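These are the residues of each chain, in order.
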Amino acid sequence: MRLTRYFLPVTKETPADAQIVSHQLMLRAGLIRQTAAGIYAWLPLGFRVLNRIEQIVREEQDRAGAIELLMPTIQSADLWRQSGRYDAYGPEMLRFPDRKGTEMLYGPTNEEMITQIFLASVKSYRDLPRTLYHIQWKFRDEIRPRFGIMRGREFLMKDAYSFDLDEDGLKASYEAMFVAYLRTFARLGLQAVPVKAPTGPIGGDLSHEFHILAETGESAIFYDAALEDISRDELLSADAATIARLTSLYAMEEEEHAKVAECPVPAERLRSRRGIEVGHIFAFGTKYSASMGLSVQTADGTSVHPQMGSYGVGVSRLMGAIIEASHDSSGIVWPESVAPFRVGLVNMRADDAKVTSAADDIYRQLQNAGVDTLYDDRDERGGAKFAGMDLIGLPWQLIVGPRGLERGVVELKNRATGEREELSLESALARLTA
Ligand code: ATP
Ligand code: MG
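These numbers come from a predicted model, not from an experiment.

Examining the pairing of strand S10 (residues 207-213)
Okay, so step 1: Across the seven residues of S10, seven count as buried, placing the element largely inside the fold.
Okay, so step 2: Side chains of S10 alternate between two faces, with Ser 207, Glu 209, His 211 and Leu 213 and His 208, Phe 210 and Ile 212 buried alike.
Okay, so step 3: Both strand S9 (residues 192-196) and S10 contribute to a ladder of five bridges, which runs antiparallel. By the bridge assignment for S10, Ala 192 is matched with Ile 212.

Shown next as structure tokens:
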């Protein structure tokens, strides 16, 4: 993509209303634009990152055996009356009538809808177990939307729902999602801590929140320092044993921690830090299947209400969490897996025909090799171009200038380490296309 034809409104000023660094950087780097309180447009660069995050979430859901579908954002109030949640949900739910006066709402979550869809077609134990998911916009009229897309009113969520015949099945579905979450966050370059969450009146211990440790997190969590030593490789190859080990290590939100009479972690190993909740998985049994009349025939001819669970990931919130975890004083440092472009190609002298022709040629070669490249072909000072590239945080910068060209070299800069290297054009291309 040529910057002269792109839409990338970067700004130097730090917006006054943005309190945390991810929000400031998302506005400055031209990723998002607020259109109303807690509602954001995703500008081209931000949309590319959002799609990358979404795709990693999707691949890990698919890998875990979940099946993708797409449910609508608008739901009917009557559907929610069936589970009794219409009145229970409160003012976070955006409610409105359609032209005929039918009460509608913008979905804050989809348990009722997926149960209704399942109910319409599934009658037999042969159709279970199943886990269905979608990646869809949600609306919650948060009392205090803040921190940009981190706590928005409209936000993108992956929500999955599992249906099983019995509790053992539910446990297996839950563990498959647990593994998917560990792998998802590891692939996004994040260190997520699974925190035991309260299960309410349903009981049991199958509810976990996944938190990214960051100063700006909204939750305070207490956890065993051993959780910091889990390696990325271990998370990527997670299995039932990994889950057993991770969940045996203490981790609680402040409110729950305060209720624990005797903390099992020795003081020297107990850590207290803030966390950003990026995911929540929850087994709730027959809550919706029973209230909405979903039952299936078992092999021996009786009928049961399926055991269900729901599994959310804050896809848009993750972008803020990634930036909180990966930035420096010059800007964002995208992990390769979600970077909007892999390479930022900088033409140091757009007013010099020789340099421009060399840079154009490199751009073509990168394109032909399938390397996502943002080409700064503007007629601007080198300093401004470097600052812009550092701000938007692409993993690699390839710098083409007149002095280097005379010696047959270009400069390759690694955004994360700051390392710069002079290379022949061939070696630089070989490196980036590897
Ligand atoms: P929170 O405690 O942050 O309000 P929640 O418990 O309401 O979260 P869930 O209903 O479990 O969240 O939703 C699943 C995921 O969706 C959360 O783990 C979070 O990552 C994300 N999420 C929830 N609310 C918002 C929001 N207002 N803006 C962005 N992401 C959100
Ligand atoms: Mg909430």
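From this point, the discussion proceeds with the structure in view.
Remarks on the domain arrangement of the protein
Often, the extent of an interface is quoted as the loss of accessible area upon association of its parts.
Okay, so step 1: By domain assignment, the protein separates into domain 1 (3-332) and domain 2 (343-433).
Okay, so step 2: Placing a centre on the C-alpha atoms of domain 1 and another on those of domain 2 gives a separation of 39 Å.
Okay, so step 3: With 16 residues of domain 1 in contact, the opposing surface of domain 2 contributes 11 residues.
Okay, so step 4: The junction of domain 1 with domain 2 conceals about 1,100 Å² of combined surface from both sides, 59% of it contributed by carbon and sulfur atoms.
Okay, so step 5: Three residues, Leu 3, Thr 4 and Ile 332, lead the burial of domain 1 against domain 2; their summed loss comes to 45% of the area buried on that side.
Okay, so step 6: Linking domain 1 with domain 2 are three salt bridges, by the criterion used here.
Okay, so step 7: Counting across the interface, domain 1 meets domain 2 through eight residue pairs in polar contact (both at pLDDT 80 or more).
Okay, so step 8: Elements with a contribution of two residues or more to the side of domain 1 that touches domain 2: helix H1 (21-28), helix H2 (44-63) and strand S18 (331-332).
Okay, so step 9: For the side of domain 1 that touches domain 2, the element with the highest residue contribution is H2, accounting for three residues.
Okay, so step 10: The residue makeup of the side of domain 1 that touches domain 2, split by class, is eight nonpolar, four polar and four charged.

Things to note about the packing of H2 against helix H6 (residues 167-187)
Okay, so step 1: Closest axis-to-axis distance for the H2/H6 pair is 9 Å, and the angle between their directions is 150 degrees. When the axis of H2 is compared with that of H6, the two are roughly antiparallel. Judged by the sense of rotation from one axis to the other, the crossing of H2 with H6 is right-handed. Of the residues in H6, those touching H2 at Ile 56, Val 57, Glu 59, Glu 60, Gln 61 and Arg 63 are Met 177, Ala 180, Tyr 181, Arg 183, Thr 184 and Arg 187.
Okay, so step 2: Within the contact of H2 with H6, the residues separate by chemical class into five nonpolar, two polar and five charged.

Focus on the side chain of Asn 110
Okay, so step 1: Turning to its location among the elements, Asn 110 is positioned in the loop between strand S6 (103-106) and helix H5 (111-121).
Okay, so step 2: Asn 110 gets classed as buried once you look at its relative accessible area, which sits at 2%.
Okay, so step 3: With residues near it in sequence (within four places) discarded, Asn 110 still touches Met 71, Pro 72, Gln 75, His 134, Lys 138, Asp 159 and Tyr 161.

Concerning the sheet that holds strand S21 (residues 396-400)
Okay, so step 1: Strand order in the open sheet formed by five strands is S20-S19-S21-S22-S23, and the pairing between neighbours is mixed. The open sheet has two edge strands, strand S20 (373-376) and strand S23 (420-424), and neither has a second partner. Each neighbouring strand pair of the sheet contributes to a mean axis angle of 25 degrees, computed without reference to strand direction.
Okay, so step 2: Bridge count for S21 against strand S22 (residues 409-414) is four bridges, and the pairing is antiparallel. Bridge assignment links Trp 396 to a residue of S22, and that residue is Asn 414.
Okay, so step 3: Relative to the sheet, helix H13 (residues 382-392) contacts strand S19 (343-347), S20, S21 and S22, its axis offset from that of S19 by approximately 175 degrees.
Okay, so step 4: Sitting on the sheet, helix H15 (residues 425-433) is in contact with S19, S21, S22 and S23, with an inclination near 115 degrees to S23.

Conventions and cut-offs
Residues numbered from 1 in each chain as written. Chains lettered and ligands numbered in written order. Predicted model: local features only at pLDDT ≥ 70, side-chain atom pairs only at ≥ 80, totals over all residues. Heavy atoms only, no water. Buried < 20%, exposed > 50% of the residue type's maximum accessible area, 1.4 Å probe, protein only. Helix = DSSP H or I, 4+ residues; strand = E, 2+ residues; numbered from the N terminus. Pairing = 2+ DSSP bridges. Domains from an automatic or database assignment. Contact = heavy atoms within 4.5 Å. Buried area = accessible area lost by both parts, 1.4 Å probe. Salt bridge = Lys/Arg side-chain N within 4 Å of Asp/Glu carboxyl O. Polar contact = N/O pair within 3.5 Å; in protein donor to acceptor, adjacent residues only side chain to side chain. Nonpolar A, V, L, I, M, F, W, Y, C, P; charged D, E, K, R; others polar. Axes fitted to C-alpha atoms, helices over the stretch in contact; angles between N-to-C directions. Parallel < 35°, antiparallel > 145°, perpendicular 65-115°, else oblique. Left-handed = near helix turned anticlockwise from the far one by under 90°.

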